[in-house]
Each structure stands twice: as structure tokens, then as C-alpha cells.
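The lines below spell out each chain.
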Amino acid sequence: MSRFRLLKRVVRPPRYGLARVLSKRGLCSRSEAERRVREGRVRVAGKVVRDPEFPVALDASDIALDGDTARAGTHHYLLLNKPRGLVTTARDERGRDTVYRCFDGASLGWIAPVGRLDKASEGLLLFTSDPAWAARVTDPAQGPQKTYHVQVDGLPDAALLEALVLGVDDAGERLQAVSARLLRHGERNAWLEIVLDEGRNRQIRRLLTAHALGVLRLMRVAIGDLVLGDLAKGAWRPLSAEEVSALAPPSDPAIG
């Protein structure tokens, strides 16, 4: 009788680039993680690793950053009512005030904006230390729609509102709104509600400029079902677990 020896297969956990794992743990951005690795500030199993793509397991316990174990922290998910005049960046080479001024005195660790609002725009801006969640929120194919209230220096008619939805080609990009409607108007200007399903650079301003309308004020008031509400200018609050899940339902835990 033949004898068969069953070999036990050893299944090893998948491995990812070291910089990606540090970012996934919410310790810093991907680019910042790459910089720290190249500077020799990261050790794996006690040895300095300078290659950001060095493969490690997602749950590896032998990674140290600046001498401390690089454990995954509790992720933050925040909503800020961005005031006009602040730049959406961590550091500005021109010395302008940034949105991080609104978090002065808060012990949050590393957080990054989810998408952007330009300096002259205001309203709902999300921040998180969870890059995977941020990627799902900003995914143009599956992420939630964004709603804006925009004051324009003219009185748009029904034909113009329809044209905003039909869209225009600008600098090689197709710019269009999911919907556009008149909220209210005065003698010389009006407020519109414009909904987008993607976040191209200065998309609303460029779209309106193409139709000879200037923007007097631009405010993001909702992302998906999450509304800005009556949160004061420059104030922020954490999202509830239900709000986090509704904006971007959990996906496969593997790193994209």
C-alpha cells in the first residue's frame, strides 16, 4: 500500500512596502514615510532600512520609527468648517496661513485633508489619519457626491443651469456638474446649488468662468449625507462611527 506524506503548507501573510505600512498605520503621509525611511529613521528587526519599498507584513511588530515601536494608533476622522483665506496644505512656501491653524492646541498627531478647498473657498473639509478611508471618500467612481452653494455675479436662467450639467471642455478636461439649481437671487447676483461627483482642480470656478459667470463666494455644504450644519467658522468636530462608515464603507483591509 502506497504511503503519502501530507506536507503542511505554510501560509505567510502578504507583504507591502515599508513606507505604505507606516502610512497605513496613520503615523505620517506616504511621502513623509518615504522621506523618513530614506533618512535612516526606520528600523526593521533592529536594522536600519532605507528602502521605502522594503517588504514587511502589515501587522509586523518589529518596525521602529525614530527609536519607538511604530504601532498603529487610533485613527481620527474630523470635520472642519474651513474659513476663507486659509490654504489647504501642511506647510506653505509663501508663509500663508493654513487650515492646520484651526487645530492649534489639539493633540491629534498626523492628520491630512481629504480632498481640498482652495484658499478663497470655505465650508466642509474632512481630515483623517486613515489614508485608505480618504482614498475611498475621494474615489471619483465610488466616493460620495459633494454639494456646494455658490454665489455668482449674474442671474443664470434655466438654459445656463442645463449647460452646467452638460459640461464644457477646458484645458483637456471635461468639466460638468451632476446637478445645478437656483437657490435664490437678487437684482445682480444669485446663489446656486451645484453637485459634483469628482474633485478636479478649481472645477466649479472654471466651469462657471466658461459661461461668463464670476464666483463671489463658494461654500461646500455637504459630502454625501454628511452636512456642514451650524458648525462655526474655523471650528471642527470628530465624525461619529456611523458617519465614517456611511461616507466610505469598510473595504478589504489590504493596502491599495
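Here is a short report on the structure shown in this document. (Residues numbered from 1 in each chain as written. Predicted model: local features only at pLDDT ≥ 70, side-chain atom pairs only at ≥ 80, totals over all residues. Heavy atoms only, no water.)

With that out of the way, let us pick up the side chain of Thr-128. Checked against the element boundaries, Thr-128 lands in strand β9 (residues 122–128). Of the residues examined, Thr-128 reaches a relative accessible area of 2% and is grouped as buried. In terms of polar contacts, Thr-128 uses its side chain to reach the backbone carbonyl oxygen of His-76, at 2.7 Å. Among the polar contacts listed, one links the side chain of Thr-128 to the backbone nitrogen of Asp-130, at a separation of 3.0 Å. (Helix = DSSP H or I, 4+ residues; strand = E, 2+ residues; numbered from the N terminus. Buried < 20%, exposed > 50% of the residue type's maximum accessible area, 1.4 Å probe, protein only. Polar contact = N/O pair within 3.5 Å; in protein donor to acceptor, adjacent residues only side chain to side chain.)

Of note, Tyr-77 is situated in strand β7 (residues 77–82). Each C-alpha atom, one on Tyr-77 and one on Ala-241, is 9.0 Å from the other, the two residues being 164 residues apart in sequence. Once residues lying within four places of it in the same chain are set aside, the contact partners of Tyr-77 are Phe-127, Thr-128, Asp-130, Trp-133, Arg-237, Pro-238, Leu-239 and Val-244. (Contact = heavy atoms within 4.5 Å.)

This next bit is on the sheet that holds strand β6 (residues 68–69). What the four strands build is an open sheet, ordered β3-β2-β5-β6; its pairing is antiparallel. Strands with a single pairing partner mark the edges of an open sheet, and in this sheet they are β3 (47–48) and β6. The pairing of strand β2 (residues 42–44) with strand β5 (residues 63–65) spans three bridges and is antiparallel. Looking across to β5, one finds that Val-44 is bridged to Ile-63. (Pairing = 2+ DSSP bridges.)

The subject of this paragraph is the packing of aromatic side chains. This structure, assessed with the given rule, holds five aromatic pairs. Taking the centre distance of 4.9 Å and the plane angle of 70 degrees together, the rings of Phe-103 and Phe-127 count as edge-to-face. On the criterion of sequence distance, the pair formed by Phe-103 in the loop between β7 and β8 (112–114) and Phe-127 in strand β9 is long-range, its members being 24 residues apart. Phe-103 sits in the buried class, given a relative accessible area of 6%. In this structure Phe-127 comes out as buried when scored by relative accessible area, which is 0%. With centroids separated by 5.5 Å and ring planes inclined at 50 degrees, the aromatic side chains of Phe-103 and Trp-236 adopt a geometry described as tilted. A residue pair is termed long-range when its members are at least 10 positions apart, and Phe-103 in the loop between β7 and β8 and Trp-236 in strand β17 (residues 236–238) qualify at 133 residues. Classification of Trp-236 as partly exposed rests on a relative accessible area of 29%. Here the aromatic cluster, defined as three or more aromatic residues joined through ring pairs, consists of Tyr-100, Phe-103, Phe-127 and Trp-236. (Phe/Tyr/Trp six-rings, centres within 6.5 Å; stacked < 30°, edge-to-face > 60°.)

By secondary structure assignment, the location of Ser-23 is in helix α1 (residues 18–24). Its relative accessible area of 4% is what places Ser-23 among the buried residues. Ignoring any residue separated from it by four or fewer positions in sequence, one finds Ser-23 in contact with Cys-28, Ser-29, Arg-30, Ser-129 and Pro-131.

Okay, the nonpolar core next. Formed by 30 residues in total, the largest nonpolar core has its most connected members in Phe-127, Val-150, Leu-164, Ile-194, Ile-204 and Leu-208. If we skip the residues at most four places from it in the chain, Ile-194 touches Lys-146, Thr-147, Tyr-148, Val-150, Leu-164, Ala-177, Ser-179, Ala-180, Ile-204 and Leu-208. Counting residues in each nonpolar core, the second largest holds 17 residues, with Ala-19, Val-21, Val-44 and Ala-57 among its members. (Core = buried A, V, L, I, M, F, W, Y, C linked by side-chain atoms within 4.5 Å.)

Let's shift gears to unusual backbone geometry. If a residue is not glycine, its phi is most likely negative; likewise, a peptide bond is most likely trans. In the Ramachandran plot, Asp-66 falls in the positive-phi region, its phi being about 55 degrees despite a non-glycine side chain. Looking at the secondary structure, you find Asp-66 in the loop between β5 and β6. Judged by its relative accessible area of 43%, Asp-66 falls in the partly exposed class. If you check the backbone angles, Ala-212 has positive phi at about 60 degrees while not being a glycine. For Ala-212, the position within the fold is in the loop between α5 (203–209) and β15 (215–223). The exposed category is assigned to Ala-212, whose relative accessible area is 69%.

Residues of helix α4 (residues 158–166) that are buried include every one of Leu-160, Leu-161, Ala-163 and Leu-164, and no others. Taken end-on, α4 shows its buried residues confined to a sector of 155 degrees, consistent with a single buried face. Residues Ala-158, Ala-159, Glu-162 and Leu-166 are exposed on α4 and point more than 90 degrees away from its buried face. For α4, the elements touching its buried residues are β13 (179–185), β14 (190–196) and α5. Gly-167, located one to two residues past α4, shows a positive phi value of around 90 degrees. (Arc of directions from axis to C-beta.)

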